[in-house]
Amino acid sequence: EVQLVESGGGMVQPGGSLRLSCAASGFTFSSYEMSWVRQAPGKGPEWVSDINTGGGSTYYADFVKGRFTISRDNAKNTVYLQMNSLNPEDTAVYYCNARFTNSYWGQGTQLTVPS
């Protein structure tokens, strides 16, 4: 059974940091490009960051550049999103996505940054 399980969300004060994790199982994780996508209340999904299969190439939306860092550990079948300098506009449900021959999604983890 394919699973992507996000964790690490919560409530963080503005300016704080948090690290999200996404643990994968049921497919060959190291063959899949991984992404983080978020959805704020009342808004559509918003791409945040991508990482290639080996972890050597990363990409970021402009609104997180310099604040967020995506990484992966293929030995642990896990992708991470380190988030620093958080602000209320980062409040959203964060989803991880795996893409190769198929596309898989996790159930999401909530991040709340109060204003």
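Placed above this text is the structure.
Note that this is a predicted model, so its numbers are computed, not measured. Sequence order as written defines residue numbering, which begins from 1 separately in each chain. Residue-level local features of this predicted model are given only where pLDDT is at least 70; pairs of side-chain atoms are given and counted only at 80 or more, and the full residue set underlies all totals for whole chains, interfaces and linings. The side-chain numbers reported here are obtained from all heavy atoms of the structure, hydrogens and water having been left aside.

A. Region of the structure containing the environment of Asn102. Each helix is a run of H or I in the DSSP string that is no shorter than four residues. Each strand is a run of E no shorter than two, and both are numbered from the N terminus. Looking at the secondary structure, you find Asn102 in the loop between strand 9 (92–99) and strand 10 (103–105). Taking the relative accessible area as the measure of exposure, Asn102 reaches 39% and is therefore partly exposed. Each C-alpha atom, one on Asn102 and one on Leu86, is 32 Å from the other, the two residues being 16 residues apart in sequence. Polar contacts, as used here, are pairs of N or O atoms within 3.5 Å; protein pairs need one atom able to donate a hydrogen and one able to accept it. Residues neighboring in sequence count only if both atoms are side-chain atoms. Among the polar contacts made by the side chain of Asn102, one reaches the side chain of Tyr104 at a distance of 3.2 Å. Summary of the burial criterion: residues with accessible area below 20% of their type's maximum are buried, those above 50% are exposed, and those between are partly exposed, where the area comes from a 1.4 Å probe applied to protein chains only.

B. Layout of the packing of aromatic side chains. Two rings from Phe, Tyr or Trp (for Trp, the six-membered ring) form a pair when their centres are within 6.5 Å of each other. A pair whose planes differ by under 30 degrees is stacked, one over 60 is edge-to-face, and the rest are tilted. Applying the stated criterion to the full structure yields 4 aromatic pairs. A ring pair is formed by Phe27 and Tyr32, whose centres lie 4.8 Å apart and whose planes are at 65°; its orientation type is edge-to-face. When its relative accessible area of 4% is taken as the criterion, Tyr32 is described as buried. The ring of Phe29 has Arg72 sitting right over it, with the charged end atom 4.4 Å from the ring centre. Consider the ring centre and the ring normal. A charge sits over the ring if Lys NZ or Arg CZ is within 6 Å of that centre and within 35 degrees of that normal.

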